[in-house]
Amino acid sequence: MSEPRLLGGRYELGEVIGHGGMAEVYSGTDIRLGRPVAVKVLRADLARDHSFLMRFEREAQAAAKLNHPNIVAVYDTGEDISDDGLSSTRVPWIVMERVEGQTLRQIMTSGRRLTVERALDITSGILSALDYSHRHGIVHRDIKPANVMVTPAGDVKVMDFGIARALADASATVTHTSAVLGTAQYLSPEQARGEIVDARSDLYSCAALLYELLTGRPPFTGDSPVAIAYQHVTEQPQAPSVFDPEIGPEIDAIVLTALAKKPADRYASAAEMRGDVERALDGQPVTAKIPVQEAPTTVMSGLHGSSTQVATRQRQSTAIWLGSLVAVVVVVLGAMLVLLKIFTPAPSDQVAVPDLQGLTISQATKLLTNTGLLLGDQLPQASTDRPKDTIISQSPNRDVQVSKGSTVDIVISTGPGQVAVPNVVNMATVEQAQAALTAANLKLGAVTQENADAAAGTVIRSDPAAGTMTDPGTAVSLVISNGKVQVPNVVGEQASQAETELANLGFNVAHVTQVDTTVAAGTVLSQDPVGGTSADQGSTVTITESSTS
C-alpha cells in the first residue's frame, strides 16, 4: 500500500471530496493537532498559469483575514513541488475547516424544495457572513449556491473567496482569462459590464441566489453566459411571487430592491438587507418599497337594472358590434397579405453572423456593417492568449442566422492585466530568482551586492517587493549577499565574550596572548581584521588577549 500524500510535513491527504474549476479538495488530517481538515490543492496543470496561481493565492490571503461562524475558516497555506521529470512547478494549497453537509447547489439539484422561511433563514446567514467580510474590506464577488454549505445542524457556511478582492482595490473588476469571473446567473450588472464593484455587488448576487431558493429558478436564464449577463444589464426581473403565489409582497420587495440595476438603488449594506430579511421572518413590515400590484378589473352584470345599467348594456352591445366589424376587416386584410406574400417573393432579411474572434473593434464594426448588423455590448475581460483590444468571444456565435439590424455582443480583451512579483528572497542563486520572475512574466533587472548574514549569492531583497502588483515585463532588481560580513569591534571585551560574538557571525577565532598587566587578564588588546572592515564568512579573526605572565 502506498504512503498517504503528506503536505507541509503535517497534513495527510485522504480521498477527493470536491472538484472545482481550478482546484481539487481533499479530506485530510492535521497529524500535529489530530483534527480533520479539508485541503484545497490547485490543479497542477493550472499552476503553470500565473493568473490562476494569483487567484488561488488571493483566496488564501482574503479568507485568512476572516474569522466568523458563517465563513469557512482557513487554518494554513503552503505549496508543494510538482516534478514531471522535465520541469518543476510549485503547487499551492490551502488548509481549511472541514465542514460536513451539502452545498445549496446539491440541495437544489436533489429536488428538495425549501420553504420560504428556510430560504430566508439561509439568506440571513449568508448576509451575516457578507456583513463581516465587507466590514473587513473584502468583497466576495462569487456568491452562488455552490459556494454556500449547509451543515446537518442547519448552519450556513460561505466559502471560496477565490475571486474576492479588497474593497479599496480600484482594479477589482470581473476580468479574467477566458471567463467572466463570477457565475452568470448571479452576476451583478456592474460585474457584467466589467466595472469596479463594491459590497453592493454581493447583495445583488445574494438576491439572485434567494430568488432561486424561492422560485426554483434564477432571475434570468439564457443560452450562453453572455446572453444571461446581457439580461442582468438590460432587463428587469419578474417578481418571485409570479412563480409562487405564496410569496408575499414583503419578500418581493426585499428581492427586487437588492436586484436593482443601479447599486445606489439597492440596500446600502448587507446588515441593512439582513435586517429586512429578519423582519420578514418575524412577520414585521420591511423597509424596502412594496411593489405596486395592479387591481384586477371587475365586470358588473345583472339581468335587470336601472336605466344606467340598461344604457351600459346598450353601449356594450354597440362595442360588440363595432368589434365584430373590426374583426372582419382584420381577417380580410390578413387574407390579402397572405396572398400577397404567396405571389410576391419577399426579400430575405436573414444574414449569417460573421466570425469576429481575433478582430479589433473597428474591424468588427466594419464587417458587421457590411453584413447589415450592429455592434452591441462590449464586455471587457483580461486574457493572456488574446492581444489587448481584440475580441475573445461573441454572442450570437458565428454562422447563426439573425435578422438584419440585429446586434452582436462581444467580449473584448484588456490584455493580461497586472501580475504579482513573486517572493524570491532567500533563493540561493540569481538563476533561481530569474526563473521565478520569468514564470511570473517579469524580467530580471539590475543585480547588486551587499554585506549580509547569508551565503554568497543568496537573494536578500527585491525591488519591487514580493506581492507588489505590476505590469507584465517589468524589470525586478535584486540585491544579493556578497558573502561578506562586517567584522565587529571586540577590543576591550573579554576574550570569551568576543569569541561568542564573532562565532555567531560565522567567523573562526584564533587566539594570541600578550603580557599586559595594565588590564584584566583575558581582555582583548587588538584584533585582525580590525572592527568595521568586511571579511568573508567563515574566515578567521585573530584576537590578541592580555595575560599576566
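Residues numbered from 1 in each chain as written. Predicted model: local features only at pLDDT ≥ 70, side-chain atom pairs only at ≥ 80, totals over all residues. Heavy atoms only, no water.

**Here's the deal with the environment of Val-25**
Line of reasoning, step 1. One can find Val-25 in strand 3 (residues 23-30).
Line of reasoning, step 2. Exposure remark for Val-25: the relative accessible area of 17% places this residue in the buried category.
Line of reasoning, step 3. Spatially, the C-alpha atoms of Val-25 and Val-41 are 6.3 Å apart, while their sequence positions differ by 16 residues.
Line of reasoning, step 4. Leaving out residues up to four positions away in the same chain, Val-25 has contacts with Glu-15, Val-16, Ile-17, Gly-18, Ala-38, Val-39, Lys-40 and Met-96. (Helix = DSSP H or I, 4+ residues; strand = E, 2+ residues; numbered from the N terminus. Buried < 20%, exposed > 50% of the residue type's maximum accessible area, 1.4 Å probe, protein only. Contact = heavy atoms within 4.5 Å.)

**A word on the sheet that holds strand 7 (residues 102-103)**
Line of reasoning, step 1. One open sheet holds the three strands; their spatial order is 7-9-10, and the pairing between them is antiparallel. Edge strands, defined here as strands with exactly one partner in the open sheet, are strand 7 and strand 10 (156-158).
Line of reasoning, step 2. Inspection of the sheet shows strand 9 (residues 148-150) paired to strand 10 by three bridges, in the antiparallel sense. When the bridges of strand 10 are listed, Val-148 appears paired with Val-158.
Line of reasoning, step 3. Each of strand 9 and strand 10 touches helix 3 (residues 116-135); the most contacted strand, strand 10, lies at about 45 degrees to it. (Pairing = 2+ DSSP bridges. Axes fitted to C-alpha atoms, helices over the stretch in contact; angles between N-to-C directions.)

**Things to note about the packing of helix 5 (residues 199-215) against helix 7 (residues 249-258)**
Line of reasoning, step 1. As a packed pair, helix 5 and helix 7 sit with axes 8 Å apart at the nearest point and diverge in direction by 140 degrees. By the angle class used here, helix 5 and helix 7 are oblique. Here helix 5 runs over helix 7; the crossing is left-handed. Listed contacts from helix 7 to Leu-203, Tyr-204, Ala-207, Leu-210, Tyr-211 and Leu-214 of helix 5 are Ile-251, Val-255 and Ala-258.
Line of reasoning, step 2. Here the residues of the contact of helix 5 with helix 7 sort into nine nonpolar, no polar and no charged. (Parallel < 35°, antiparallel > 145°, perpendicular 65-115°, else oblique. Left-handed = near helix turned anticlockwise from the far one by under 90°. Nonpolar A, V, L, I, M, F, W, Y, C, P; charged D, E, K, R; others polar.)

**Things to note about the sheet that holds strand 14 (residues 391-395)**
Line of reasoning, step 1. Read from one edge to the other, the open sheet built from three strands follows the order 13-16-14, with strand pairing classed as mixed. Every other strand in the sheet has two partners, leaving strand 13 (374-381) and strand 14 as the edge strands with one partner each. Averaged over neighbouring strand pairs, the angle between their axes works out to 25 degrees when direction is ignored.
Line of reasoning, step 2. The pairing of strand 13 with strand 16 (residues 407-413) spans six bridges and is classified as parallel.

**Here we look at the environment of Glu-246**
Line of reasoning, step 1. Mapped onto the elements of the fold, Glu-246 is located in the loop between helix 6 (225-234) and helix 7.
Line of reasoning, step 2. The exposure class of Glu-246 is exposed, given its relative accessible area of 71%.
Line of reasoning, step 3. For the pair Glu-246 and Leu-214, spaced 32 residues apart in sequence, the C-alpha to C-alpha distance is 10.0 Å.

**Observations regarding the nonpolar core**
Line of reasoning, step 1. Leu-104, Ile-122, Ile-126, Leu-127, Leu-213, Leu-214 and Met-273 are the most contacted members of the largest nonpolar core, which totals 49 residues.
Line of reasoning, step 2. At the level of secondary structure, the elements contributing two or more residues to this core comprise helix 2 (104-109), helix 3, strand 9, strand 10, helix 5, helix 7 and helix 8 (270-281).
Line of reasoning, step 3. Among the elements that line this core, the one with the most residues is helix 5, at 10 residues.
Line of reasoning, step 4. Each residue touching Ile-122, except ones within four places of it in the same chain, is listed here: Leu-104, Leu-114, Val-150, Val-156 and Leu-213.
Line of reasoning, step 5. Val-424, Ala-436, Leu-437 and Ile-480 belong to the second-largest nonpolar core, a separate cluster that totals 13 residues. (Core = buried A, V, L, I, M, F, W, Y, C linked by side-chain atoms within 4.5 Å.)

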